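Each chain is listed here by its residues.
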Amino acid sequence: MVDITFDGVPISGHDGESLAVALMRAGHLHLRDAPEDGGARGVFCCMGLCQECVVRIDGMVVESCRSTVAPGLAVTSLRRQS
């Protein structure tokens, strides 16, 4: 297990596992807001086709299902700030 952060909150994941899986296991299901209506979006297809699970890592928007957990990874949601 390694430590990562999601929106500044520490969580743990298995080194090399899918980021989407680590986020779901930690209870983080709302990863971004839909641009049209602001509805909650998260993991859907789990294979990088739908882009519903996108997050920000190192300033880049990436699919969490196609990204892997690594020590010290800092992940940010694409949720609208209130």
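Residues numbered from 1 in each chain as written. Predicted model: local features only at pLDDT ≥ 70, side-chain atom pairs only at ≥ 80, totals over all residues. Heavy atoms only, no water.

Can you help me understand unusual backbone geometry in this one?
Negative phi values dominate among residues other than glycine, just as trans dominates among peptide bonds. Even without glycine at this site, D7 takes up a positive phi of about 50 degrees. Within the chain, D58 stands out as a residue other than glycine whose phi angle is a positive 50 degrees. Here D58 lies in the loop between β5 (54-57) and β6 (60-63). (Helix = DSSP H or I, 4+ residues; strand = E, 2+ residues; numbered from the N terminus.)

What is the right way to look at the environment of G72 in this model?
As for its position among the elements, G72 is in the loop between β6 and β7 (74-76). A sequence separation of 70 residues divides G72 from V2, and the C-alpha atoms of the two residues are 7.6 Å apart.

Could you clarify how one ought to interpret the side chain of S77 in this entry?
Here S77 shows up in the segment after β7. A distance of 2.7 Å separates the side chain of S77 from the side chain of D7, its partner in a polar contact. Other than its neighbours up to four places away in sequence, S77 contacts F6, D7 and L31. (Polar contact = N/O pair within 3.5 Å; in protein donor to acceptor, adjacent residues only side chain to side chain. Contact = heavy atoms within 4.5 Å.)

It is not clear to me how a nonpolar patch on the surface should be interpreted in this structure. Could you clarify?
Residues V21, M24 and L29 make up a contiguous nonpolar surface patch of roughly 260 Å² in combined accessible area. For L29, the position within the fold is in the loop between α1 (19-25) and β3 (32-33). (Patch = residues over 30% accessible without salt bridge, like charges linked within 9 Å, V, L, I, M, F, W, Y side chains within 5 Å. Areas by Shrake-Rupley, 256 points an atom, 1.4 Å probe, with all protein chains shown as cover. Salt bridge = Lys/Arg side-chain N within 4 Å of Asp/Glu carboxyl O.)

I would appreciate a short explanation of the pattern of salt bridges in the present structure.
Pairing between side chains of opposite charge can happen when the charged atoms of each approach one another. A full pass over the atoms with the stated rule returns 3 salt bridges. With a closest N to O distance of 3.1 Å, R32 and E52 form a salt bridge. You can see R32 sitting in strand β3 and its partner E52 sitting in the loop between β4 (40-41) and β5, a full 20 residues away along the chain. Each member of the pair, R32 as well as E52, carries the same accessibility label: buried. What you see here is one network of salt bridges that share partners, running through R32, R41 and E52. (Buried < 20%, exposed > 50% of the residue type's maximum accessible area, 1.4 Å probe, protein only.)

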